Amino acid sequence: MKRNATTILLFILLFSTTAVNAQQIIAHRGYWKTDGSAQNSITALMKADSISVYGSEVDVWLSSDGVPVANHDATVMLNGVKITVEETPLSTLRQVKLSNGETLPTVEEYLDAFAACSHTRLIIEFKTHSQKEREEELARKVIKMVHERGLQEKVEYIAFGIHFVLQARQLDPQAAVYYLNGDLSPGDLSVMGLAGFDYHHSVVAKKPEWVQAAHELGQMVNVWTVNTPEDIRKMIGLKVDFITTDEPLLVKEILQQQ
Ligand code: MG
């Protein structure tokens, strides 16, 4: 009887330790390193959902005629010509094919697909634009689309620009908003009312004390883009909360070994 109680106690301790320390995985630009997928494609979102990661990240821009679209780079290639996303109308951007043959998606299409996801959250990155007014228009339109679909509790926002994170904070006070640029301390971010930081893993490796400082302020810590076993193990050791990666299955495997 006594032995049973000890076993149960050990099990509870083991389980609770695992639950506290477990890192969550975010698929960077979706789960794209797999057959039939491509960065920021709708397929990459659905594949991220199929492997049950915490989140799937996507980058968003505003077309010249004011339509939010999903793409990472500021430019895309169309018929051998480089075009700038924010200077190009949607009708032209729709001629762009991703490497898996998909048409470059609008954010509306992306969110409609996301509504069918049952596991993953969506982490939307607002890309830095040439004008503040355009950034405001993008944040306003995307956050409105999220709310119209009732998806606000499943969506988080990230940006390198202070202007963008403050704008997202103001437009959706309940949303988790993270800052990417690596130059502000947890104390600074707390004053801004942000959920935490989402910094390059090298920043966090140099300032490991920021992880505990953030946790003491009730913030969460995310790191990008962590792809090698060495860096993944290092970030797990620093007790970050989220690991953003191009290798979600590798991170899963390493977490399971811990
Ligand atoms: Mg991104």
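See the structure printed just above.
Reading guide: rules and limits
- Residues numbered from 1 in each chain as written.
- Predicted model: local features only at pLDDT ≥ 70, side-chain atom pairs only at ≥ 80, totals over all residues.
- Heavy atoms only, no water.
- Salt bridge = Lys/Arg side-chain N within 4 Å of Asp/Glu carboxyl O.
- Helix = DSSP H or I, 4+ residues; strand = E, 2+ residues; numbered from the N terminus.
- Buried < 20%, exposed > 50% of the residue type's maximum accessible area, 1.4 Å probe, protein only.
- Contact = heavy atoms within 4.5 Å.
- Pairing = 2+ DSSP bridges.
- Phe/Tyr/Trp six-rings, centres within 6.5 Å; stacked < 30°, edge-to-face > 60°.
- Donors = N, O, S within 2.8 Å, 3.2 Å for Na, K, Ca; no water.
- Core = buried A, V, L, I, M, F, W, Y, C linked by side-chain atoms within 4.5 Å.
- 1 Å grid on protein atoms, 1.4 Å probe; cavity = no way out; pocket = protein on both sides within 12 Å on 5 of 7 lines; lining within 4 Å.
- Points joined across faces, edges and corners; volume = space filled by probe spheres on them.
- Nonpolar A, V, L, I, M, F, W, Y, C, P; charged D, E, K, R; others polar.
- Polar contact = N/O pair within 3.5 Å; in protein donor to acceptor, adjacent residues only side chain to side chain.

**Student:** Where do I start with the pattern of salt bridges in this structure?
**Tutor:** A side chain with one charge may pair with a side chain of the opposite charge, provided their charged atoms come close. All chains considered together, the criterion is met by 11 salt bridges. In this structure, E109 engages R94 in a salt bridge whose closest nitrogen and oxygen atoms are separated by 2.5 Å. On the criterion of sequence distance, the pair formed by E109 in helix α4 (residues 107-114) and R94 in the loop between α3 (90-93) and α4 is long-range, its members being 15 residues apart. On the accessibility criterion, E109 (29% relative accessible area) is partly exposed. Residue classification places R94 among the partly exposed residues on the basis of a relative accessible area of 27%.

**Student:** Could you clarify how one ought to interpret the environment of W224 in this entry?
**Tutor:** Along the polypeptide, W224 turns up in strand β10 (residues 220-224). With a relative accessible area of 22%, W224 lands in the partly exposed category. The spacing of W224 and D73 is 151 residues in sequence and 17 Å in space, taken between C-alpha atoms. Those residues in contact with W224 that sit more than four places away from it in its chain are F160, L180, D198, Y199, H200, H201 and T244.

**Student:** I keep staring at the pairing of strand β4 (residues 75-78) and nothing clicks. Help me out?
**Tutor:** In regular strands, side chains alternate between the two faces of the sheet. Residues V76 and L78 point to one face of β4 and are all buried, whereas T75 and M77, pointing to the other face, are not buried. Where β4 hands over to strand β5 (residues 81-84), the hairpin turn is made up of 2 residues, of which N79 adopts a positive phi near 50 degrees.

**Student:** Teacher, can you tell me more about the packing of aromatic side chains here?
**Tutor:** Each aromatic ring pair is summarised here by two numbers: the centre-to-centre distance and the angle between the ring planes. Summed over all chains, the structure comprises 9 aromatic pairs. Geometrically, the ring pair formed by F126 and Y157 is stacked, given 5.6 Å between the ring centres and 5 degrees between the ring planes. With F126 in strand β6 (residues 121-126) and Y157 in strand β7 (residues 155-159), the pair connects residues that are 31 residues apart, well separated along the chain. Neither residue differs from the other here; F126 and Y157 are each classed as buried. With centroids separated by 4.9 Å and ring planes inclined at 15 degrees, the aromatic side chains of F126 and F164 adopt a geometry described as stacked.

**Student:** So what exactly am I meant to see when it comes to the coordination of the magnesium ion here?
**Tutor:** Put simply, a metal with four donors set out as a tetrahedron has ideal angles of 109.5 degrees, and one with six donors set out as an octahedron has ideal angles of 90 or 180 degrees. Summarising the metal site, the magnesium ion is bound by the protein donors E57 (OE), D59 (OD) and E125 (OE), whose distances to it range over 2.0 to 2.1 Å. Between consecutive donors of the magnesium ion, the numbers of intervening residues give the motif E-x1-D-x65-E. Highlighted residues: E57 in strand β2 (residues 55-62) and E125 in strand β6, separated in sequence by 68 residues. For the pair shown, E57 and E125 are each scored as buried.

**Student:** What exactly am I supposed to notice about the nonpolar core here?
**Tutor:** In summary, soluble globular proteins display a tendency toward joint burial of nonpolar side chains. Of all hydrophobic cores here, the largest spans 56 residues; its most connected members are L122, I124, F126 and Y157. The residues touching L122, leaving out its near neighbours within four places in the chain, are L45, S56, V58, Y110, L111, F114, K154, V155 and E156.

**Student:** Explanation requested: the layout of surface pockets in the structure shown.
**Tutor:** Over the atoms, a rolling probe the size of a water molecule traces out where space has been left empty. Here the second largest pocket is characterised by a volume of approximately 270 Å³. As for the second largest pocket, its lining consists of 13 residues, and the residues nearest its centre are Q39, N71, D73, V76 and L98. Of the residues in the lining of the second largest pocket, the class split is 5 nonpolar, 6 polar and 2 charged.

**Student:** Even after reading the chapter, I still don't get the environment of E137, so can you show me in this structure?
**Tutor:** Its location among the elements puts E137 in helix α5 (residues 132-148). Counting along the chain gives 75 residues from E137 to L62, while the straight-line C-alpha distance between them is 8.1 Å. Those residues within four positions of E137 in sequence are excluded, and the remaining contacts are L62 and G66. Within the structure, E137 has its side chain in polar contact with the side chain of K141 (distance 2.7 Å).

Purely geometric stuff here, so don't read any function into it on its own.
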